[in-house]
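# Structural overview for review
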Amino acid sequence: MKKSEQKIRTFREVSRTRRVDNWYRRQLKQVAAMIDLIAREYQSSDPQAYARNVQMELFDYAETLDQWADLIARQFIARVDEADRLTWRQIGDELAADTKRRIRDMRGDPAYREMIRRQVELIKSLPTEAAAKAQEIARQGMANGERYADIVDRIAGLGKITESRAVLIARTESSRARTDFTMMRAKAAGSTKFIWHTAGDGAVRESHRKLDGKIFDWSNPPVCDHGKGGAPIRALPGQVFNCRCWSEPLFEKSIYEK
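Reading guide: rules and limits
- Residues numbered from 1 in each chain as written.
- Predicted model: local features only at pLDDT ≥ 70, side-chain atom pairs only at ≥ 80, totals over all residues.
- Heavy atoms only, no water.
- Helix = DSSP H or I, 4+ residues; strand = E, 2+ residues; numbered from the N terminus.
- Buried < 20%, exposed > 50% of the residue type's maximum accessible area, 1.4 Å probe, protein only.
- Contact = heavy atoms within 4.5 Å.
- Areas by Shrake-Rupley, 256 points an atom, 1.4 Å probe, with all protein chains shown as cover.
- Axes fitted to C-alpha atoms, helices over the stretch in contact; angles between N-to-C directions.
- Parallel < 35°, antiparallel > 145°, perpendicular 65-115°, else oblique.
- Left-handed = near helix turned anticlockwise from the far one by under 90°.
- Nonpolar A, V, L, I, M, F, W, Y, C, P; charged D, E, K, R; others polar.
- Disulfide = S-S within 2.5 Å.
- Core = buried A, V, L, I, M, F, W, Y, C linked by side-chain atoms within 4.5 Å.
- 1 Å grid on protein atoms, 1.4 Å probe; cavity = no way out; pocket = protein on both sides within 12 Å on 5 of 7 lines; lining within 4 Å.
- Points joined across faces, edges and corners; volume = space filled by probe spheres on them.
- Pairing = 2+ DSSP bridges.
- Expected span 1.5 Å × (residues − 1).

Looking only at helices and strands, one finds nine helices and five strands in the chain. What you see in the chain, going N to C, is helices and strands ordered as α-α-α-α-α-α-α-α-β-α-β-β-β-β. Of all 258 residues assigned to the chain, the portion counted as buried reaches 46%. Residue pairs in contact within the chain that sit at least 24 positions apart in sequence constitute 76% of those at least 6 positions apart. Element-wise, carbon and sulfur atoms account for 49% of the exposed surface of the chain, whose accessible area totals about 13,700 Å².

The following block contains the structure:
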C-alpha cells in the first residue's frame, strides 16, 4: 500500500467515532425515557389540559438537567477528543516533535468550551422541544377536528419522537465534533486546507458526491446542502445531519521535518 493511501485510511478511521456515537445515544435515550414517562403519567381525556400539564412538567424537567447535561457534555467531548487524538497518534511517527506538542492537548482552545456549551444546549432541548410539540399536537388536532382520544395518543407518543431525535443528535454531533477536533489539530499543525472525502457508497447524497476529492480551505468550507427556503449551508465534512463524509488535512512538508 502506498504511503498516501495509508494516511487516508488513518484519517478515515470510523470505529472510534461509532463507539462514541453509541455511548452518547445511550445517555440521550435516558432523557427520552424520562420524557416518555412524563407524557404517559399525566395522561388525560382533555387534550388541551393534558398538553398544558405535560408542557409544564417538561419545562421543569429541563431545568433539572443543568448539572447532568454539563457532565455528559464534558464526557462526550472528552471521548471525541480522545478518539481523534489516538487517530492522530497513528501518523505521529511522521510528524516533527514540535508539531506533536501543538496537537496533543486541545482543551485550552476556546472551540473546546464552545463544543461543550453546544452539547448542553442540545441535551436540554430534548424536553423543551417535546413540550412545544405537545402544545402543537393539541392545537392542530383540535383545529382539525380530530378525536380527543387520537390527540391524547399522539401526545403520549412524545417519548418515541424524542428517542428518534436523540439518535439523530448523537449521530450528527459525534461526526461534527470529530471533524472539529481534526480541524483544530490540523490548523495547530499548520494546515490551511483539506480534501473532502465521501464514504464512497450509494447512500452518499449527490451534493456531497460532487465535492469528493476536491480541496477546500478550513476557513471557507463549500456549500454542501440547503436549508429552509433553499438557503445554502456551508459546512465541513461530517458537520451536517447524517453526513458520513470526512476530511483529509493537507500539510506543508515542514511539519514532517524532525
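Turning our eyes to something else, we now look at the packing of helix α4 (residues 66-89) against helix α6 (residues 110-143). Their axes nearest at 8 Å, the elements α4 and α6 cross at an angle of 130°. One finds that α4 runs oblique with respect to α6. The handedness of the crossing between α4 and α6 comes out as right-handed. Across the interface between the two elements, Asp66, Trp68, Ala69, Asp70, Ile72, Ala73, Arg74, Phe76, Ile77, Ala78 and Asp81 of α4 pack against Tyr112, Met115, Ile116, Gln119, Val120, Ile123 and Lys124 of α6. Looking at side-chain class alone, the contact of α4 with α6 contains twelve nonpolar, one polar and five charged residues.

Scanning the model with the defined rule gives zero disulfides in all. Summary of cysteine pairing: cysteine 224 is not part of a disulfide, and the nearest cysteine sulfur, belonging to cysteine 243, is at 6.6 Å. The class of cysteine 224 is buried, set by a relative accessible area of 1%. Free of any disulfide, cysteine 243 has its nearest neighbouring cysteine sulfur in cysteine 245, separated by 3.7 Å.

The biggest cluster of nonpolar side chains holds 44 residues, and the ones touching the most others in it are Tyr24, Ile155 and Leu158. Among the elements of the structure, α2 (15-41), α3 (47-64), α4, α6, α7 (148-156) and α8 (158-188) are those that each provide at least two residues to this core. The element contributing the most residues to this core is α6, with twelve residues. For tyrosine 24, the contacting residues outside a window of four places in its chain are Ile72, Phe76, Gln119, Ile123, Ile169, Ala170 and Glu173.

Turning next to the packing of α2 against α6. Relative to each other, α2 and α6 sit at 25°, their axes nearing to 10 Å. If you check the angle between α2 and α6, you find them roughly parallel. Note that α2 runs across α6; the crossing there is right-handed. Residue-level inspection shows Tyr24, Leu28, Val31 and Ile35 of α2 in contact with α6, the latter providing Gln119, Ile123, Leu126, Pro127 and Ala130.

A few words now on the layout of surface pockets. Rolled over the atoms, a probe as big as a water molecule pinpoints where empty space is left. Space inside the second largest pocket adds up to approximately 190 Å³. Lining of the second largest pocket is provided by Ala111, Glu114, Met115, Arg117, Arg118, Arg176, Asp180, Met183, Met184 and Gln239. Secondary structure elements with two or more residues in the lining of the second largest pocket: α6 and α8. Top element by residues in the lining of the second largest pocket is α6. It accounts for five residues. Residue classes in the lining of the second largest pocket are distributed as four nonpolar, one polar and five charged.

Our next topic: the pairing of strand β5 (residues 246-250). The element β5 is extensively covered by neighbouring structure, given that four of its five residues are classed as buried. Inspection of the sheet shows strand β1 (residues 193-197) paired to β5 by five bridges, in the antiparallel sense. Bridge pairing in β5 links tryptophan 196 to serine 247.

Let us look at α8. Side chains three or four residues apart in an α-helix point the same way, a direct result of the helix having 3.6 residues per turn. Relative to the 45 Å expected for 31 residues at 1.5 Å per residue, α8 spans 44 Å between its end C-alpha atoms, a close match to the ideal helical length. Count one or two residues on from α8 and you reach glycine 190, which has phi positive near 105°.

Here the focus is the environment of glutamine 48. Considering the arrangement of structural elements, one finds glutamine 48 in helix α3. Its relative accessible area of 41% is what places glutamine 48 among the partly exposed residues. In this structure, the C-alpha to C-alpha distance between glutamine 48 and valine 152, residues 104 residues apart in sequence, is 9.1 Å.

Relative to the 34 Å expected for 24 residues at 1.5 Å per residue, α4 spans 34 Å between its end C-alpha atoms, a close match to the ideal helical length. Those residues of α4 not exposed but buried are Ala69, Ile72, Ala73, Phe76, Ile77, Val80, Asp81, Ala83, Asp84, Thr87 and Trp88.

Spatially, three strands are ordered β2-β1-β5 in an open sheet, and the strand pairing comes out antiparallel. Edge positions in the open sheet fall to β2 (215-217) and β5, since each of these has one partner strand only. When the angles between neighbouring strand axes are averaged without regard to direction, this sheet yields 40°.

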